[in-house]
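# Secondary and tertiary structure notes
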Amino acid sequence: MYPDYLFEYPNRQTLFPFYMKKKSYQAVAPHRHDFIELSYVAAGSGLEIINGSEHPMIPGTFVLLLPFHIHSFRSTPGESLTLYTCNFPIDLLTEGKEAELGLAHLLTVQEDSSRSFVMVPESDRTRVCHLLDEALSEFEADIPYKHLVLKGKLLEALALFLRYRSLLSADDPAVPPSGISAKAKLVTSIVQYMYQQYMEPMSLAQVARHFHITPAYLSDLFHKQYGIHFVDFLHELRVRHACSLLLSSDMPIAEVWVEAGFGSYPSFCRIFHKVKGMGARDYRDSQHKKRLLP
């Protein structure tokens, strides 16, 4: 059974597409998503698997999941895992001053899944919980300028994650061996590359050349890992970008398809309708109507 691919979360289609919750779990099945997830273990214990590598989850575990990460977790029998979870779009790490100040490094650096989590020092755990509690209170409140406060707190949380991660050397015993196969590392690098380049002309053959493998090997490897064909995955990325442009700007549809990386307007129309079940204009109109509803 292939992992679920999640596209949406509450608030995804708003002007400030940030979502946060604090919730207890026994288990979550394998899945991936095209947005970023930052989580922090507040209580309980368990195990998480990220791209095939398992690590413990205990209070103080800070996890940053990128769109190419397949993950699942389960609590220790008889316990629950209580997590703070934040969802936000990949744009935050790739656009504006935040990217210039180092957040884009989270996406562009090549690294295995053991670098997707850190253990917050015990002396700092109260600080992190306090920061996330404040963010959650802001998120749940209906008060002016909450979005500015929330963005500041999210950036602080990401900066802390980077700070704790930078303290760990490659052979730090606190970071277990990844145990990831060479094939899993390769396909992860391919997906990272696709996220960085999908707005440019791209084909199976071109990506295969970039990674010095054959197109047939790349196609088989990709399908075995993700349960989806290379070209369909590429289409999903481009349609998601087109949706963002349709919702967040007045850009004419005649320009959206170019900006999103499609090779022609007819192919954009065909692929967009296949993925979203409606045309781009109808999608924009339907989402705008939803925003106007009380």
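Just so it is clear, the model here is predicted, and its values are computed rather than measured. (Residues numbered from 1 in each chain as written. Predicted model: local features only at pLDDT ≥ 70, side-chain atom pairs only at ≥ 80, totals over all residues. Heavy atoms only, no water.)

### Side note on the pattern of salt bridges
Counted by the stated rule, this structure contains seven salt bridges. The salt bridge involving Arg12 is made with Asp34; its shortest N-O contact spans 3.1 Å. Taken together, the residues span a long stretch of sequence, with Arg12 in the loop between β1 (4–6) and β2 (19–25) and Asp34 in the loop between β3 (27–33) and β4 (36–43) at a distance of 22 residues. Between Glu156 and Arg127 there is a salt bridge, with the nearest N and O atoms lying 3.6 Å from each other. Residue Glu156 is found in helix α5 (residues 146–166), and its partner Arg127 is found in helix α4 (residues 125–140); the two are separated by 29 residues along the sequence. Counted as one network, the salt bridges with shared partners bring together Glu8, Arg12, Asp34 and Arg240. (Salt bridge = Lys/Arg side-chain N within 4 Å of Asp/Glu carboxyl O. Helix = DSSP H or I, 4+ residues; strand = E, 2+ residues; numbered from the N terminus.)

### Notes on the confidence of the model for the chain
Within the chain, residue pLDDT values average 85, and 86% of them lie at 70 or more. Residue range residues 169–179 is modelled with pLDDT below 50. Its contacts to residues more than four positions away, or to other chains, number nine contacts. (pLDDT = per-residue confidence, 0-100. Contact = heavy atoms within 4.5 Å.)

### A look at helix α11 (residues 265–276)
Relative to the 16 Å expected for 12 residues at 1.5 Å per residue, α11 spans 16 Å between its end C-alpha atoms, a close match to the ideal helical length. Those residues of α11 not exposed but buried are Ser267, Phe268, Ile271 and Phe272. Take α11 and look down its axis: the buried residues cluster within an arc of 120 degrees, on one side only. When the buried face of α11 is taken as reference, the exposed residues oriented beyond 90 degrees from it are Pro266, Arg270 and Lys274. (Expected span 1.5 Å × (residues − 1). Buried < 20%, exposed > 50% of the residue type's maximum accessible area, 1.4 Å probe, protein only. Arc of directions from axis to C-beta.)

### Details of the side chain of His31
You can see His31 is positioned in strand β3. According to the relative accessible area criterion, His31 is buried, its value standing at 9%. At a separation of 2.9 Å, a polar atom in the side chain of His31 contacts the main-chain carbonyl oxygen of Ala29. Polar contacts involving the side chain of His31 include one to the side chain of His71, which spans 3.0 Å. His31 has contacts with Pro3, Asp4, Leu6, His69, Ile70 and His71, leaving out every residue within four places of it along the chain. (Polar contact = N/O pair within 3.5 Å; in protein donor to acceptor, adjacent residues only side chain to side chain.)

### Some points on the nonpolar core
Of all hydrophobic cores here, the largest spans 59 residues; its most connected members are Phe62, Leu158 and Phe222. What Phe222 contacts, discounting residues up to four positions off in sequence, is Val187, Ile190, Val191, Met194, Gly227, Ile228, His229, Phe230 and Phe233. Counting 16 residues, the second largest nonpolar core, distinct from the first, contains Ala242, Ala260, Phe272 and Tyr283. (Core = buried A, V, L, I, M, F, W, Y, C linked by side-chain atoms within 4.5 Å.)

### Quick look at the packing of α4 against α5
Where α4 contacts α5, the two axes come as close as 9 Å, and the packing angle between them is 155 degrees. With respect to α5, the element α4 is oriented roughly antiparallel. In terms of crossing hand, the pair formed by α4 and α5 is left-handed. Of α5, the residues touching α4 (which contributes Arg127, Val128, Leu131, Glu134, Ala135, Glu138, Phe139 and Glu140) are Lys146, Val149, Leu150, Lys153, Glu156, Ala157, Leu160, Arg163 and Tyr164. Split by residue class, the contact of α4 with α5 holds nine nonpolar, no polar and eight charged. (Axes fitted to C-alpha atoms, helices over the stretch in contact; angles between N-to-C directions. Parallel < 35°, antiparallel > 145°, perpendicular 65-115°, else oblique. Left-handed = near helix turned anticlockwise from the far one by under 90°. Nonpolar A, V, L, I, M, F, W, Y, C, P; charged D, E, K, R; others polar.)

### With respect to unusual backbone geometry
Leaving glycine aside, a negative phi is the common case for residues, and trans is the common case for peptide bonds. Although it is not a glycine, Tyr145 adopts a positive phi angle of roughly 65 degrees. Within the secondary structure, Tyr145 is located in the loop between α4 and α5. Tyr145 gets classed as exposed once you look at its relative accessible area, which sits at 66%. For His212, which is not a glycine, the phi torsion comes out positive at approximately 60 degrees. Along the chain, the position of His212 falls in the loop between α7 (204–210) and α8 (215–226).

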